[in-house]
Amino acid sequence: MKKRTKWILLSISGLLLALLCVQLYYSYVMKDTWNEESLAVQAARQHGSLVTKDKTYKSVWGENNNYWVITGTNQDQQQIMVWVKFTDDNLPVEGKDAVQAVLLSSGLSEEQMREQIRNEMPGAVIKRLLPVMYEGEYTWQLQYENQGQLGYRFYRFQDGQAIGEDIILPNQ
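Since the model is a prediction, treat every value here as computed from it, not as a measurement.

Novice: Lay out the pairing of strand β3 (residues 79-86) with the relevant residues and their values.
Specialist: Across the eight residues of β3, seven count as buried, placing the element largely inside the fold. Pairing between strand β2 (residues 66-73) and β3: eight bridges, direction antiparallel. Counted as the bridge partner of Y67 is K85 from β3. Between the end of β2 and the start of β3, which pair antiparallel, lie five residues, with Q77 showing a positive phi angle near 60°. Here β3 pairs with strand β4 (residues 99-103) via five bridges, running antiparallel.

Novice: Tell me what's going on with the nonpolar core, and back it up with residues and numbers.
Specialist: Note that soluble globular proteins tend to have their nonpolar side chains buried in a common cluster. Core analysis: the biggest nonpolar cluster contains 25 residues, and W83, M113, I117, M121, W140, L142 and Y155 have the highest contact counts within it. For this core, the secondary structure elements donating two or more residues are β2, β3, α2 (110-120), β5 (125-134), β6 (137-146) and β7 (149-156). Broken down by element, the residue count for this core peaks at five residues, all from β5. Counting residues in each nonpolar core, the second largest holds 13 residues, with A40, V41, A44 and A98 among its members.

Novice: Run through the pattern of salt bridges, naming residues and quoting values.
Specialist: In the structure shown here, the tally under the stated rule is ten salt bridges. Across the pair E120 and R153 runs a salt bridge whose closest N-O atoms are separated by 3.5 Å. With E120 in helix α2 and R153 in strand β7, this residue pair connects regions lying 33 residues apart in the sequence. Residue R153 is classed as buried on the basis of its relative accessible area, which comes to 18%. In this structure, the salt-bridge partner of D166 is R153, at a minimum N-O distance of 2.7 Å. Of the two residues, D166 sits in strand β8 (residues 162-168) while R153 sits in strand β7, which places them 13 residues apart along the sequence. Connected via shared salt-bridge partners are K55, E110 and R114.

Novice: How would you sum up the sheet that holds β7? Please name residues and give values.
Specialist: An order of β5-β6-β7-β8 is seen for the four strands of this open sheet, with the pairing classed as antiparallel. Pairing within the sheet leaves two strands with one partner each, and these edge strands are β5 and β8. Within the sheet, the average angular offset between the axes of one strand and its neighbour, ignoring direction, is 20°. Inspection of the sheet shows β6 paired to β7 by eight bridges, in the antiparallel sense. The residue of β7 that forms the bridge with N146 is Q149. In this fold α2 packs onto β5, β6 and β7, with an angle of close to 125° to the strand it touches most, β5.

Novice: With reference to specific residues and values, describe the side chain of T71.
Specialist: With respect to the helices and strands, T71 occurs in strand β2. Setting aside its immediate chain neighbours within four residues, T71 contacts L50, T52, K53, D54, K55, Y57, I80 and M81.

Novice: Any chance you could break down the packing of aromatic side chains for me, citing the residues and the numbers?
Specialist: The geometry of an aromatic ring pair is captured by two quantities: the separation of the ring centres and the angle between the planes. Applying the stated criterion across every chain yields a total of four aromatic pairs. With a centroid separation of 3.7 Å and an interplanar angle of 0°, the aromatic rings of Y134 and F154 are classed as stacked. Of the two residues, Y134 is situated in strand β5 and F154 in strand β7; the sequence distance between them amounts to 20 residues. Look at F154 and you get buried, because its relative accessible area is 0%.

Conventions and cut-offs
- Residues numbered from 1 in each chain as written.
- Predicted model: local features only at pLDDT ≥ 70, side-chain atom pairs only at ≥ 80, totals over all residues.
- Heavy atoms only, no water.
- Buried < 20%, exposed > 50% of the residue type's maximum accessible area, 1.4 Å probe, protein only.
- Helix = DSSP H or I, 4+ residues; strand = E, 2+ residues; numbered from the N terminus.
- Pairing = 2+ DSSP bridges.
- Core = buried A, V, L, I, M, F, W, Y, C linked by side-chain atoms within 4.5 Å.
- Salt bridge = Lys/Arg side-chain N within 4 Å of Asp/Glu carboxyl O.
- Axes fitted to C-alpha atoms, helices over the stretch in contact; angles between N-to-C directions.
- Contact = heavy atoms within 4.5 Å.
- Phe/Tyr/Trp six-rings, centres within 6.5 Å; stacked < 30°, edge-to-face > 60°.

Given below as C-alpha cells:
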C-alpha cells in the first residue's frame, strides 16, 4: 500500500473515532434528560389520558416549580396539554394533583399565541415560546427581543392575558 493511501485511511479512521466519541459523550450528557422526559410521558399516559405525544417541554421557573409539559391527543382524538409536576430529584410527583390534562381548545394554542404576540408587539422577535407553570397558573412563557432588549412575558393559557410585568434582562 502506498504511503498516501495509508495516511488517508488513518485520517478517515481517526475522524470516525472522533465522531464516535462525540456521540458517546452527547448520549452520556443527555441520558438523565431523556430518562426524565420518558418518565413524564409515561405519567401523562397513565394519569393524564395522553394517547399520542407530539411535543415535550421542560419548564423550570422558580423553586419547587419543575414541570414537563406534553402536547398530544387523548383517546377522543382531542388535542391536549398534560402538565406533569416533578420533584427536585427529577422524579414525577405522586398524588392526584401531580398530573393535569387540559384540552387545548380550552385555551390558546401556540400558533394563536404567536399571532397575538405579533399583533401586540409588531417589532419584537419571538426567541422562544413555551408552556410553563408561572405563579400557580398554566401560562405561555415568551422570550423576546425588542429594540435590542431581551425580556420575558407571561400569558395566561386560558385567555392570553398578560400576567404581571415584563422581566427585562440587563444588556450585556
